[in-house]
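An overview of the molecular structure
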Amino acid sequence: MMRIALALLVSLIAPAAALAQSNEKPVSIVLVHGAFVDGSGWKAVFDILTDEGYEVLVVQNPTISLNGDVAATQQVIAAARHPVILVGHSYGGMVITEAGDNPKVRGLVYIAAFAPDAGESVASLAEEPVPPGESGAPLLPPREGYLLVDPSKFPGAFAADVDASITRFMAAAQVPWGLEAVQTKITKVAWKAKPSHFMVTTKDLMIPPTFQRAFAKRARATSVEIDSSHAVMLSHPQQVAAFIETAGR
């Protein structure tokens, strides 16, 4: 009797799962977070895109080394059921530039991100002078090979337009960013061969908007600007999700 019941259950579940997959959009979306945070920051965007019928996967970068983060992203790309739109926020732009060379990746989306060229690292890009009227990230001095944002300045610098109770917790729960990830130079540049989209955050106090515009222009990316802090996926998830969708069409 137990075997019969189990077989009946499987017979009911399998067609439902197949129907759900048949209704999926023909691309998968892979979300790559940046430094000091983890993949949970994508939750609102994940929910919106999932409801729209996309397979959405989230990378959990260790942010210890660039090579490690690229490897983590490649594993998620491999698991996707469809060609991939690869999305990176902040330091995640470094990761998708390198990992996006994967033939399964159809396009790239940079959200308030670094979009480096070959031979560039976060460290080298950060050496550029910050334009007048803009700000760079308020980082503490390195400690034991890792960087953190000054917790007292994190809410205003990272996410000034997000609820203060959330940003205070984010400041206390920062994921340390490895200097190896910061200093490693890019060797593969996916945006040179694949279509790219770029969302510039005009109130960004972590990556200056002028830098972002220069990255977008160099990559010949389809770009939009939004009046947002660096944490745009938290403060404007609908707009971020809609922008990602344009890359998937």
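Here the structure is a predicted model, which means the values were calculated and not measured.

1. Re the overall build of the chain
Counting its regular elements, the chain contains 11 helices and 8 strands. In summary, the chain has a C-alpha radius of gyration of 19 Å against a globular reference of 18 Å for 249 residues, a match within 12%. Structurally, the chain occupies a C-alpha span of about 70 × 40 × 35 Å along its principal axes. The 249 residues of the chain split such that 52% are buried.

2. Looking at the side chain of N102
With respect to the helices and strands, the residue N102 is situated in the loop between α4 (92-99) and β4 (105-111). Reaching out from N102, the side chain makes a polar contact with the backbone nitrogen of K104 at a distance of 2.8 Å. With sequence-adjacent residues up to four places away left out, N102 is seen in contact with Q74, I77 and K194.

3. Topic: the UniProt feature "domain: AB hydrolase-1" (unreviewed entry) in the chain
Following the UniProt record, the feature "domain: AB hydrolase-1" (unreviewed entry) maps to residues 29-242 here. As annotated, residues 29-242 has a helix share of 36% and a strand share of 17%, and its two end C-alpha atoms lie 12 Å apart.

4. Quick look at the pattern of salt bridges
Throughout the structure, instances matching the rule amount to 7 salt bridges. Across the pair D47 and K43 runs a salt bridge whose closest N-O atoms are separated by 2.7 Å. Here D47 and its partner K43 are both found in helix α2 (residues 43-51), 4 residues apart, which amounts to about one turn of the helix. Residue D47 is classed as partly exposed on the basis of its relative accessible area, which comes to 29%. Ionic pairing is found between E120 and R218, a salt bridge with its closest N-O pair at 2.9 Å. Separated by 98 residues along the polypeptide, E120 in the loop between β4 and α5 (122-126) and R218 in helix α9 (residues 209-218) bring together distant segments of the chain.

5. Focus: the packing of helix α3 (residues 66-79) against α4
Contact pair α3 / α4: the axes reach a minimum separation of 9 Å and the direction vectors enclose 65 degrees. Considering the relative orientation of α3 and α4, their crossing is right-handed. Within the contact between the two elements, α3 uses L66, D69, V70, T73, Q74 and I77 and α4 uses M94, V95, E98 and A99. Of the residues in the contact of α3 with α4, the class split is 6 nonpolar, 2 polar and 2 charged.

6. A look at the sheet that holds strand β1 (residues 28-32)
Here 6 strands make up an open sheet; going across it, the order is β2-β1-β3-β4-β7-β8 and the pairing parallel. Strand pairing shows two members of the sheet lacking a second neighbour, β2 (55-59) and β8 (222-226), which therefore form its edges. Each neighbouring strand pair of the sheet contributes to a mean axis angle of 15 degrees, computed without reference to strand direction. Running over the sheet, α4 touches β1, β3 (84-89) and β4 and is turned about 150 degrees from β3.

7. Remarks on α3
Quick reminder: α-helices carry 3.6 residues per turn. Residues three or four places apart thus point the same way. The first and last C-alpha atoms of α3 sit 20 Å apart over 14 residues, in line with the 20 Å expected at 1.5 Å per residue. Looking only at α3, the buried set comprises L66, D69, V70, A72, T73, V76 and I77. The arc enclosing the buried residues of α3, seen along the axis, measures out at 160 degrees, which places them on a common side. Turned more than 90 degrees away from the buried face of α3, the exposed residues are N67, Q75 and A78.

Each value, and the rule that gives it
Residues numbered from 1 in each chain as written. Predicted model: local features only at pLDDT ≥ 70, side-chain atom pairs only at ≥ 80, totals over all residues. Heavy atoms only, no water. Helix = DSSP H or I, 4+ residues; strand = E, 2+ residues; numbered from the N terminus. Rg over C-alpha atoms; globule rule 2.2 N^0.38 Å. Buried < 20%, exposed > 50% of the residue type's maximum accessible area, 1.4 Å probe, protein only. Polar contact = N/O pair within 3.5 Å; in protein donor to acceptor, adjacent residues only side chain to side chain. Contact = heavy atoms within 4.5 Å. UniProt positions renumbered as here; feature names shortened; annotations may be inferred. Salt bridge = Lys/Arg side-chain N within 4 Å of Asp/Glu carboxyl O. Axes fitted to C-alpha atoms, helices over the stretch in contact; angles between N-to-C directions. Left-handed = near helix turned anticlockwise from the far one by under 90°. Nonpolar A, V, L, I, M, F, W, Y, C, P; charged D, E, K, R; others polar. Pairing = 2+ DSSP bridges. Expected span 1.5 Å × (residues − 1). Arc of directions from axis to C-beta.

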